[in-house]
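Structural overview
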Amino acid sequence: MHIDKGIYLDYNATTPVDPVVFHAMEPYFKEHFGNPASAAHHWGWIAENATNKARTQVASLIGAKPNEITFTAGATESNNWAIFGLISKLREENPQEPLHFITSTVEHSSIMKAMAAAEKLGVEVDFLPVNSYGQVEIETLKKAIKPHTKLMSFIWVNNEIGTINPIAEIAKIAKENQIYFHTDATQAFGKLPMNVTDLGIDLMSFSAHKVYGPKGIGGLYIRSKDPKVLINPLIYGGGQEKGLRSGTLNVPAIVGMGVAAELCKNTLEHEYERQLQLRNFFWEKLKAAIPGIILNGHPTERAPNNLNVSFPGHKSEQLLPRLQKLGVSTGSACGTGSMSLSHVLLGIGVAPDVVPCTLRLSIGRWTTQEELERAVEILKGSISH
Ligand SMILES: Cc1ncc(COP(=O)(O)O)c(C=O)c1O
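What comes next concerns the included structure. Because the structure is predicted, anything quoted here is derived from the model rather than measured.

1. Let's talk about helix α2 (residues 42-62)
Because each turn of an α-helix spans 3.6 residues, side chains separated by three or four positions in sequence point in the same direction. Compared with an ideal rise of 1.5 Å per residue, which puts 21 residues at 30 Å, α2 spans 31 Å between its outermost C-alpha atoms and is within 8% of the ideal. Taken together, the buried positions of α2 are G44, A47, A50, T51, A54, R55, Q57, V58, A59, L61 and I62. Elements in contact with the buried residues of α2: β2 (69-72), α7 (196-199), β7 (203-207), β8 (218-222) and α8 (251-289). Backbone geometry just after α2 places G63 at a positive phi near 75°.

Right, here's the structure in full:
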């Protein structure tokens, strides 16, 4: 698929909808417009069947059962729901019990801010420091556990620096201590192989628009067995999604996410290798072309499509006007575009004067080597300007 007007290197922010996904969605805006909750006629049945199929497709990508997937409006909602839905449930069961949650200093803002809001509700929250790659240290985690720790929430793949957290080890510790484990897998979903059942993950957030599906649709995986995880709804109403998330289902978007998940599943291995090689090629070329360039995050334990690089002495704000042909990001680009210093880069110890000299470059399904060669020339030109 040709993405016009330059070279798009911001796939971690969002992705174009795959034409196959778009094609699959189309009938659900038109002839198959029914409401899945309409049980009395075939318009409703068709819509319901479509959402059931999508649920199966999503579940199959992550190694879950279809009934463990609840559709939401995206990962921001899923992250908020996991936290506040659990608080509500635990308080309902035992109003007097003190609650302690553990997360890290380099989470997406939808976890950082939700955890800060949880503190205001009386939950004790520890924001663990991470190592210089952005990973949770297992020993630090073990020491942070308290008798009343009820939830650990850690990002799987960091959205800014691409670093992969040791999710299997974290899940094991959570299980050993009977603590719920939630992961924000928005940047891992469809990119890394995963089996939530085997890993022992209790709650997992994901979103379609990072994997060539539409925006405004995502989901929360809620474990149904060993243990059966119970959380209260965040949104009350007509009782859709077994009463867990009310509101008429966004059928075209759900169909799109299902097909996007299936495409990811079918191409995951191949795309992982292809993008890894391209990304490594890109980094080698950048290193050779731009003296002093620094790679932030882990050199190898990182998403195959992400680079996060600093050019000390060259503020990205000043570089951007010279990078008109490149779609890149100065920060996480998932927020509102505020220019405050990245908490992730500060969290891994990047010097405050180097933080503003940073770009995130993320590749995807339609990135070519030729585009990356041109991108290196453009970046080099902007630095030597
Ligand atoms: C790690 C991570 N979590 C959460 C989100 C929010 O996802 P959404 O845009 O679906 O609300 C994003 C991206 O924006 C992300 O990268």
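2. Focus on the nonpolar core
Core analysis: the biggest nonpolar cluster contains 65 residues, and I62, M152, W156 and M204 have the highest contact counts within it. Elements with a minimum of two residues in this core: α2, β2, α5 (138-144), β5 (149-155), α6 (167-176), β7, α8 and α10 (343-347). A domain-level breakdown of this core finds at least three residues from each of domain 1 (7-16 + 268-383) and domain 2 (19-262). Aside from chain neighbours lying at most four places away, what touches I62 is I69, F189, M194, N195, V196, M204, F206 and Y221. Counting 25 residues, the second-largest nonpolar core is a separate cluster that includes L307, L323, V328 and I363.

3. With respect to the packing of aromatic side chains
Under the counting rule described, the total for this entry stands at four aromatic pairs. Consider the rings of Y8 and Y11, whose centres lie 5.1 Å apart with planes at 70°: the pair is edge-to-face. Judged by centre distance (6.2 Å) and plane angle (55°), the ring pair of Y11 and Y212 falls under tilted. Of this pair, Y11 sits in the loop between β1 (7-8) and α1 (19-25) while Y212 sits in the loop between β7 and β8, and the two are 201 residues apart along the sequence.

4. Description of the site of the ligand
The immediate surroundings of the ligand are formed by 15 residues, with T76, D184, Q187, S207 and K210 found nearest. Interatomic distance of 2.7 Å between a side-chain N/O atom of D184 and a nitrogen atom of the ligand. At 2.8 Å, a side-chain N or O of Q187 approaches an oxygen atom of the ligand. Burial of the ligand by the surrounding chains reaches 90%, relative to a free accessible area of 390 Å². Here the element with the most residues in the shell around the ligand is helix α3 (residues 75-93); it accounts for three residues. Tallied by class, the residues present in the shell around the ligand amount to three nonpolar, 10 polar and two charged.

5. Regarding empty space enclosed by the protein
Summed over the entire model, instances satisfying the criterion amount to one cavity of 30 Å³ or more. By volume, the largest cavity is sized at about 150 Å³. For the largest cavity, the lining is made up of 13 residues, of which G190, K191, Y212, E271 and Q275 are closest to its centre. Considering only residue class, the lining of the largest cavity consists of six nonpolar, three polar and four charged.

6. Quick notes on the sheet that holds strand β3 (residues 100-104)
In spatial order, the strands read β2-β8-β7-β6-β5-β3-β4; together these seven strands make up an open sheet with mixed pairing. Edge positions in the open sheet fall to β2 and β4 (124-128), since each of these has one partner strand only. Taken pair by pair, the neighbouring strands of this sheet meet at an average axis angle of 20°, ignoring direction. One ladder, built from three bridges, connects β3 with β5; its direction is parallel. Note on β5: the bridge partner recorded for I102 is M152. Here α6 sits on the sheet and contacts β5 and β6 (180-184); the angle it forms with β5, its principal contact strand, is near 175°.

7. Side note on the packing of α2 against α8
Orientation of α2 relative to α8, taken along the N-to-C sense of each, is 30°, at an axis distance of 8 Å. As the angle between them shows, α2 and α8 are arranged roughly parallel. By crossing handedness, the relation of α2 to α8 is classed as left-handed. When α2 is examined against α8, the residues A47, A50, T51, A54, Q57, V58, S60 and L61 are found in contact with a partner set consisting of V251, I254, V255, M257, G258, V259, A261, E262, C264, K265 and L268. Class assignment for the residues of the contact of α2 with α8 results in 13 nonpolar, four polar and two charged.

8. Things to note about the sheet that holds strand β10 (residues 306-310)
If you trace the three strands from one edge of the open sheet to the other, you get β9-β10-β12, paired in antiparallel fashion. The sheet is open, and its two borders are formed by β9 (294-295) and β12 (358-362), each paired with just one other strand. Where β9 and β10 come together, two bridges link them in antiparallel fashion. If you follow L295 over to β10, its bridge partner there is V309. In this fold α8 packs onto β9, β10 and β12, with an angle of close to 15° to the strand it touches most, β10.

What counts, and where the lines are drawn
Residues numbered from 1 in each chain as written. Predicted model: local features only at pLDDT ≥ 70, side-chain atom pairs only at ≥ 80, totals over all residues. Heavy atoms only, no water. Helix = DSSP H or I, 4+ residues; strand = E, 2+ residues; numbered from the N terminus. Expected span 1.5 Å × (residues − 1). Buried < 20%, exposed > 50% of the residue type's maximum accessible area, 1.4 Å probe, protein only. Contact = heavy atoms within 4.5 Å. Core = buried A, V, L, I, M, F, W, Y, C linked by side-chain atoms within 4.5 Å. Domains from an automatic or database assignment. Phe/Tyr/Trp six-rings, centres within 6.5 Å; stacked < 30°, edge-to-face > 60°. Near = heavy atom within 4 Å. Polar contact = N/O pair within 3.5 Å; in protein donor to acceptor, adjacent residues only side chain to side chain. Areas by Shrake-Rupley, 256 points an atom, 1.4 Å probe, with all protein chains shown as cover. Nonpolar A, V, L, I, M, F, W, Y, C, P; charged D, E, K, R; others polar. 1 Å grid on protein atoms, 1.4 Å probe; cavity = no way out; pocket = protein on both sides within 12 Å on 5 of 7 lines; lining within 4 Å. Points joined across faces, edges and corners; volume = space filled by probe spheres on them. Pairing = 2+ DSSP bridges. Axes fitted to C-alpha atoms, helices over the stretch in contact; angles between N-to-C directions. Parallel < 35°, antiparallel > 145°, perpendicular 65-115°, else oblique. Left-handed = near helix turned anticlockwise from the far one by under 90°.

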